There are 4 protein chains.
Amino acid sequence: MPKRDREATRARLLEAARLRFAREGYDATSVRDIAGDAGVDATLIFRYFGSKKRLFDEVTADLPAGLPDGLPDGPEEELVARMLRAVVFHDWTRYGGEHPLVAMLRSSAHDDARQRMRQEVCDTYVDALRDLAEGDGPELRAELLSAWLVGIGILRSVVATPALAGASADDLAPHVEAVASALLGRPMRGTPSSEG
Amino acid sequence: MPKRDREATRARLLEAARLRFAREGYDATSVRDIAGDAGVDATLIFRYFGSKKRLFDEVTADLPAGLPDGLPDGPEEELVARMLRAVVFHDWTRYGGEHPLVAMLRSSAHDDARQRMRQEVCDTYVDALRDLAEGDGPELRAELLSAWLVGIGILRSVVATPALAGASADDLAPHVEAVASALLGRPMRGTPSSEG
Amino acid sequence: MPKRDREATRARLLEAARLRFAREGYDATSVRDIAGDAGVDATLIFRYFGSKKRLFDEVTADLPAGLPDGLPDGPEEELVARMLRAVVFHDWTRYGGEHPLVAMLRSSAHDDARQRMRQEVCDTYVDALRDLAEGDGPELRAELLSAWLVGIGILRSVVATPALAGASADDLAPHVEAVASALLGRPMRGTPSSEG
Amino acid sequence: MPKRDREATRARLLEAARLRFAREGYDATSVRDIAGDAGVDATLIFRYFGSKKRLFDEVTADLPAGLPDGLPDGPEEELVARMLRAVVFHDWTRYGGEHPLVAMLRSSAHDDARQRMRQEVCDTYVDALRDLAEGDGPELRAELLSAWLVGIGILRSVVATPALAGASADDLAPHVEAVASALLGRPMRGTPSSEG
DNA sequence: TATGAATGAGCATTCATTCAT
DNA sequence: GATGAATGAATGCTCATTCAT
């Protein structure tokens, strides 16, 4: 079953690349690193993906699929709380322990990465939040809230400021409620109801 | 203006390095790139700084000095508004058009860079904001507000989401007022008084 | 004779390295020199040997194998004569025309090289001679005789003093007999019997 | 007194070069090393000597002057014993602890060094010994004895074979007597009379 | 098709040396 | 004349990538 093996090898390469690119960034990652992690010869990367760059593209194109499913499900007023959990408290070990958006900043010198990030932010966060915003400029309100989520992710995992690095979801809940309500112009909740 | 001027050459190398490191990150920048931009031989980098790493250190150690002076001056309730202007609307061309903190994320695979970022965020933003926060957990409140500023900087200049990329300081003012007040637990203003 | 033959390329690199290291010493030899002599790309040195240093190690570890086989065979009293032929009259073109021990002196600023030389001198010469020495201090006697052989090799091929440079094996024979007998405390012969 | 300073600096450079070249060989020694040891700027080397090579030449041309004075004085039959002391037991710290001849082998890839060594060996050792040799081929006899002295120097200080490295002058005396007598064809003594 | 030998451009760094002041 | 800024070629080594078998 060589067909299966091929697919399995491809998948292992993608997985290894995802982790390396996230943890170390595009430039600091070598194709040999990736191939080594996957336990295969480095030339297979060129055989399967054409080039390091195209492998990177495929990894980042994969991004939204990596987001937790069912994010939009549940009461509207808890959406921001659910998003925060996705950004900050979800298990991102597949991406080296950080939210892929945060990880991809490391490669943000490359325009493709920026584009992928924009798509991801807009499609996953801004679009969903805009529908909730009341008052004028819902787009800007939605983006400002997205910016906050991204900023929290960065300060928590990359910069590791002391209070945020040690904060639990419950510690953040009241502030989520306050800021989300302030920006969206409507009452929001800081905790998903399923978790009390 | 002598051609062989140690200090001038050193300064040009630092300037070129600052820009390259900001725009492309540490790994994607070569000492030849920097020397080329500065119009001098690459060996001078080793003569003056010892190594590429030490040049990077010197560039990033220079960071706080690069912040706009007089940030803490002025009424307390306008501090956040002034900070936002510093992060987003200041002229950061010396750093490739982005706030140095944002630019440094590109090198965040290196622990030194993370440390410098932490220091910068804490010393410049969190410390000043913590003194203003009322209610319990002032540290966390201050960090959450800092996270917002950082997130806005990123979405605006790196990710370039449409509404934020086109927003003026005045567009942001009401939201600054709302979020800052919500997080600090006291009334804040969204616009520095000197600008109406 | 396939063009892409790992073992063959490796062997050519070793051969080229042996010659260069012998003729010019470790420091004066560059990996590009060696690769150029072998007619291959310099990166293969790192692929096959890891580093210039490890290539040098492999070359010098190869040393004893490079000595003429069958040295210990034959009558005891002719051993020194056979050794002298090995040191001086053997065809050392593979090592640039000099006995490898002599060649390695050129790299003797490096401790590894000294160690290899010590091993070689002791294992190949001193050990064999000690068993023949009579009287007290057989070790010292054996070393002093080894020193003579090494000194002859140096004066003949490196320093090229006139009489030694032009001397034949037969010219040396009576003196070999005299000195070997004097140092070992027993009658030795200056000429291998097979050569009259 | 700038004239004096110039001469003093020149002398310090020569001294430092002598030591470095002896200890590490020509190739492994950099002009910066030498200048650093002498406590002056590296460019002075080019000012005073023209190039690294010419500095090396000057250092090696200095060689015979470095030999202990009064070597030929004293009874003829003790000459070899005195020479051995000069080669092996003299204080050669000025040359990095080894006899300059031995040290110069490290640079023997350079033809100039070989030539200097030949001159040194012939003028200082062979010439003096030839006059003592009896029987035919006095030149060859003298060279073979010189070879022994050189070989002892090398095995003792470079290769560091165990017995020779720990041997005292007295340990060597009987063998010196035996070998010198055997090679020169006349009775020689192993110990200078002044030392018993 | 797939293995792995081979490549050459590029890396940070050090070298001996020159030239302007 | 002397200081030190500047140079460019060369160093060992790693990179992504190609090509033969």
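- As recorded in an unreviewed UniProt entry, chain A goes by the name TetR/AcrR family transcriptional regulator, listed as coming from Nonomuraea aridisoli.

### Let's talk about the overall build of chain A
Right, on to step 1. Helix and strand content of chain A: 10 helices and zero strands.
Right, on to step 2. Among the 196 residues that make up chain A, the fraction classed as buried is 54%.
Right, on to step 3. Counting only contacts in chain A whose residues sit at least 6 apart along the sequence, the fraction spanning at least 24 positions is 64%.
Right, on to step 4. Total accessible area on chain A is roughly 8200 Å²; 47% of this is exposed by carbon and sulfur atoms.
Right, on to step 5. Charge separation in chain A, taken as the distance between the mean sites of 25 positive and 32 negative side-chain charges, equals 7 Å.

### Details of unusual backbone geometry
Right, on to step 1. Despite not being glycine, Ala160(A) shows a phi value in the positive range, around 60°.
Right, on to step 2. Mapped onto the elements, Ala160(A) comes out in the loop between helix H8 (138-159) and helix H9 (162-166).

### Some words on the interface of chain A and chain B
Right, on to step 1. Contact residues are listed per partner, giving 43 residues for chain A and 43 residues for chain B.
Right, on to step 2. Here chain A and chain B share an interface that buries about 3600 Å² over both sides, 73% of which is from carbon and sulfur atoms.
Right, on to step 3. Three residues stand out in chain A for area buried against chain B, namely Leu140(A), Leu144(A) and His175(A), and they jointly supply 15% of the buried area on that side.
Right, on to step 4. At the boundary of chain A with chain B, the tally comes to two salt bridges.
Right, on to step 5. On the surface where chain A and chain B come into contact, there are 18 residue pairs in polar contact (both at pLDDT 80 or more).
Right, on to step 6. Listed by contribution, the elements that provide at least two residues to the side of chain A that touches chain B are helix H1 (2-28), helix H7 (111-130), H8, H9 and helix H10 (169-184) of chain A.
Right, on to step 7. Element by element, the count of residues in the side of chain A that touches chain B is highest for H8(A), at 16 residues.
Right, on to step 8. Here the residues of the side of chain A that touches chain B are counted per class, giving 26 nonpolar, six polar and 11 charged.

### Examining the protein's contact with DNA strand E
Right, on to step 1. Near DNA strand E you find 33 residues, and of these Arg4(C), Arg6(C), Thr9(C), Thr43(C) and Tyr48(C) are the closest.
Right, on to step 2. If you look at DNA strand E and keep only atoms within 4 Å of the protein, 48% of those are sugar or phosphate atoms.
Right, on to step 3. One nitrogen or oxygen atom from the main chain of Thr29(D) is found 3.4 Å from a phosphate oxygen belonging to DNA strand E.
Right, on to step 4. At 3.2 Å from a phosphate oxygen of DNA strand E is found a main-chain nitrogen or oxygen belonging to Val31(D).
Right, on to step 5. Elements represented by at least two residues in the surface near DNA strand E include exactly helix H3 (43-49) of chain A, helix H2 (31-38) and helix H3 (43-49) of chain B, helix H1 (6-24) and helix H3 (43-49) of chain C together with helix H2 (31-38) and helix H3 (43-49) of chain D.

### A closer look at the protein's contact with DNA strand F
Right, on to step 1. Near DNA strand F, the surroundings consist of 33 residues, among which Arg4(B), Arg6(B), Thr43(B), Tyr48(B) and Thr43(C) are the closest.
Right, on to step 2. The share of sugar and phosphate among atoms of DNA strand F within 4 Å of the protein is 48%.
Right, on to step 3. Contact distances for DNA strand F include 3.3 Å between a phosphate oxygen and a backbone N or O atom of Thr29(C).
Right, on to step 4. A distance of 2.7 Å separates a phosphate oxygen of DNA strand F from a polar backbone atom of Lys52(C).
Right, on to step 5. Mapped onto the surface near DNA strand F, the elements with two or more residues apiece are helix H2 (31-38) and H3 of chain A, helix H1 (6-28) and H3 of chain B, helix H2 (31-38) and H3 of chain C together with H3 of chain D.
Right, on to step 6. Broken down by class, the residue content of the surface near DNA strand F amounts to seven nonpolar, 11 polar and 15 charged.

### A closer look at the packing of aromatic side chains
Between two aromatic rings, the relevant description is the distance of the centres plus the angle of the planes.
Right, on to step 1. Counted under the stated rule, the structure contains 18 aromatic pairs over all chains.
Right, on to step 2. A ring pair is formed by Trp92(B) and Tyr95(B), whose centres lie 5.9 Å apart and whose planes are at 75°; its orientation type is edge-to-face. Side by side, Trp92(B) and Tyr95(B) carry an identical accessibility label, which is buried.
Right, on to step 3. Aromatic rings pair up to connect Phe21(A), Tyr26(A) and Phe56(A) into one cluster.
Right, on to step 4. The ring centre of Tyr26(A) lies 4.3 Å from the NZ or CZ of Lys52(A), which sits over that ring.
Right, on to step 5. Above the plane of the ring of Tyr95(C) lies Arg18(C), whose end atom (NZ or CZ) is 5.6 Å from the centre.

### Points about the pattern of salt bridges
Right, on to step 1. Per the counting criterion, the structure on display carries 60 salt bridges over all chains.
Right, on to step 2. With its nearest N and O atoms 2.0 Å apart, the salt bridge here joins Glu58(D) to Arg10(D). Remark: Arg10(D) occurs in helix H1 (residues 2-28) and Glu58(D) occurs in helix H4 (residues 52-61); sequence separation between them is 48 residues.
Right, on to step 3. Beyond isolated ion pairs, a larger network of salt bridges with shared partners links Arg20(A), Glu24(A), Asp33(A) and Asp37(A).

### Observations regarding helix H4 (residues 52-61) of chain A
Right, on to step 1. What H4(A) keeps buried is the set Lys52(A), Leu55(A), Phe56(A), Val59(A) and Thr60(A). Down the axis, H4(A) shows its buried residues gathered within 130° of arc, on one side only.

### Remarks on the relation of the copies chain D and chain C
Right, on to step 1. Screw-axis analysis of chain D against chain C gives a translation of 0.0 Å along the axis, an RMSD of 0.3 Å, and a rotation angle of 179°. When the rotation and shift are considered jointly, the pair of chain copies conforms to a two-fold rotation axis.
Right, on to step 2. A shared interface surface links the copies, since 100% of the contact residues of chain D are contact residues in chain C too.

### Concerning the side chain of His99(C)
Residues and elements named next belong to chain C.
Right, on to step 1. Looking at the secondary structure, you find His99 in the loop between helix H5 (79-89) and helix H6 (100-104).
Right, on to step 2. Under the relative-accessibility criterion, His99 is labelled buried at 4%.
Right, on to step 3. Separated by 3.3 Å, the side chains of His99 and Tyr125 make a polar contact.

### Brief notes about the environment of Asp57(C)
Right, on to step 1. With respect to the element layout, Asp57(C) can be found in helix H4 (residues 52-61).
Right, on to step 2. The exposure class of Asp57(C) is partly exposed, given its relative accessible area of 28%.

### Points about the packing of helix H5 (residues 79-89) of chain D against helix H8 (residues 138-159) of chain D
Residue and element names in this part refer to chain D.
Right, on to step 1. For the pair H5 and H8, interaxial distance at closest approach is 9 Å and the crossing angle is 30°. Put simply, H5 runs roughly parallel to H8. For the crossing formed where H5 meets H8, the hand is right-handed. Seen from H5, the contacting residues are Val80, Met83, Leu84, Val87, Val88 and Phe89; seen from H8, they are Leu145, Leu149, Ile152, Gly153 and Arg156.
Right, on to step 2. Each residue belonging to the contact of H5 with H8 can be placed in one class, and the counts come to nine nonpolar, one polar and one charged.

The rules behind these values
Residues numbered from 1 in each chain as written. Chains lettered and ligands numbered in written order. Predicted model: local features only at pLDDT ≥ 70, side-chain atom pairs only at ≥ 80, totals over all residues. Heavy atoms only, no water. Helix = DSSP H or I, 4+ residues; strand = E, 2+ residues; numbered from the N terminus. Buried < 20%, exposed > 50% of the residue type's maximum accessible area, 1.4 Å probe, protein only. Contact = heavy atoms within 4.5 Å. Areas by Shrake-Rupley, 256 points an atom, 1.4 Å probe, with all protein chains shown as cover. Lys, Arg positive; Asp, Glu negative; His and termini not counted. Charge placed at Lys NZ, Arg CZ, Asp CG, Glu CD. Buried area = accessible area lost by both parts, 1.4 Å probe. Salt bridge = Lys/Arg side-chain N within 4 Å of Asp/Glu carboxyl O. Polar contact = N/O pair within 3.5 Å; in protein donor to acceptor, adjacent residues only side chain to side chain. Nonpolar A, V, L, I, M, F, W, Y, C, P; charged D, E, K, R; others polar. Near = heavy atom within 4 Å. Phe/Tyr/Trp six-rings, centres within 6.5 Å; stacked < 30°, edge-to-face > 60°. Lys NZ or Arg CZ within 6 Å of the ring centre and 35° of its normal. Arc of directions from axis to C-beta. Least-squares fit on C-alpha atoms with pLDDT ≥ 70 in both. Axes fitted to C-alpha atoms, helices over the stretch in contact; angles between N-to-C directions. Parallel < 35°, antiparallel > 145°, perpendicular 65-115°, else oblique. Left-handed = near helix turned anticlockwise from the far one by under 90°.

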